[in-house]
Amino acid sequence: QVQLVESGGGLVQPGGSLRLSCAVSGLILSQFDMSWYRQAPGKERELVATVVASGNMTNYADSVKGRFTISRDNAKNTVYLQMNSLKPEDTAVYYCHWQVSPVRAAWGQGTLVIVSS
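## Points about the overall build of the protein
Stage number 1. For the protein, the count of helices and strands is zero helices and 11 strands.
Stage number 2. Along the protein, from the amino end to the carboxyl end, the secondary structure elements read β-β-β-β-β-β-β-β-β-β-β.
Stage number 3. A globule of 117 residues ought to have a C-alpha radius of gyration of about 13 Å, and the protein, at 13 Å, matches this closely.
Stage number 4. Expressed as lengths along the three principal axes of its C-alpha atoms, the size of the protein is roughly 40 × 30 × 25 Å.

Here's what the structure looks like:
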């Protein structure tokens, strides 16, 4: 059974930084692309960033390009999201996501990020 456990969320002031972690179990992480999504209050869940299995290619939502960095440590079965220059509009629950087909997918429980002064 695939399990994803996020951590690292919290309250941060605008302009601050946080690093989210996603601990992955139940699969060989090095074989799969991984993503981070977020869902703000009253909004739909949106894709934030994706990293390919090898870690050498990434993709970002326009709203976070240049501020967020997704990375992975396959040896530690962990995916990261480094978030810098945080803005109030980054406030959301952040989710780690794995999917290879519509029926082979998993979400973490989410970690809450609040950007506020």
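## Quick notes on the state of the cysteines
Stage number 1. For the structure shown, the criterion picks out one disulfide.
Stage number 2. Here Cys22 pairs with Cys96 through a disulfide, and the sulfurs are 2.1 Å apart. What sets the handedness of the Cys22 and Cys96 disulfide is the S-S torsion sign, and at about -85° it is left-handed. Of this pair, Cys22 sits in strand β3 (residues 18–25) while Cys96 is found in strand β9 (residues 92–101), placing the two residues 74 residues apart along the sequence. Neither residue differs from the other here; Cys22 and Cys96 are each classed as buried.

## Thoughts on a nonpolar patch on the surface
Stage number 1. There is a patch of nonpolar side chains on the surface, built from Leu11, Leu112 and Ile114 and spanning about 290 Å² of accessible area.
Stage number 2. With respect to the helices and strands, the residue Leu112 is situated in strand β11 (residues 111–115).

## Points about the pairing of strand β1 (residues 3–7)
Stage number 1. Burial along β1 is one-sided: Leu4 and Glu6 are buried, and none of Gln3, Val5 and Ser7, which face the opposite way, are.
Stage number 2. Relative to β3, β1 runs antiparallel, the two being bridged by five bridges. Considered in β3, the bridge of Glu6 is made with Cys22.

## With respect to the environment of Arg72
Stage number 1. Position of Arg72 relative to the elements: it lies in strand β7 (residues 68–73).
Stage number 2. If sequence neighbours within four positions are ignored, Arg72 has contacts with Leu29, Ser30, Phe32, Asp33, Met34, Val51, Val52, Ala53, Gly55, Thr78, Val79 and Tyr80.
Stage number 3. Within polar-contact distance, the side chain of Arg72 engages the backbone oxygen of Leu29 at 2.6 Å.

Reading guide: rules and limits
- Residues numbered from 1 in each chain as written.
- Predicted model: local features only at pLDDT ≥ 70, side-chain atom pairs only at ≥ 80, totals over all residues.
- Heavy atoms only, no water.
- Helix = DSSP H or I, 4+ residues; strand = E, 2+ residues; numbered from the N terminus.
- Rg over C-alpha atoms; globule rule 2.2 N^0.38 Å.
- Disulfide = S-S within 2.5 Å.
- Buried < 20%, exposed > 50% of the residue type's maximum accessible area, 1.4 Å probe, protein only.
- Patch = residues over 30% accessible without salt bridge, like charges linked within 9 Å, V, L, I, M, F, W, Y side chains within 5 Å.
- Areas by Shrake-Rupley, 256 points an atom, 1.4 Å probe, with all protein chains shown as cover.
- Salt bridge = Lys/Arg side-chain N within 4 Å of Asp/Glu carboxyl O.
- Pairing = 2+ DSSP bridges.
- Contact = heavy atoms within 4.5 Å.
- Polar contact = N/O pair within 3.5 Å; in protein donor to acceptor, adjacent residues only side chain to side chain.

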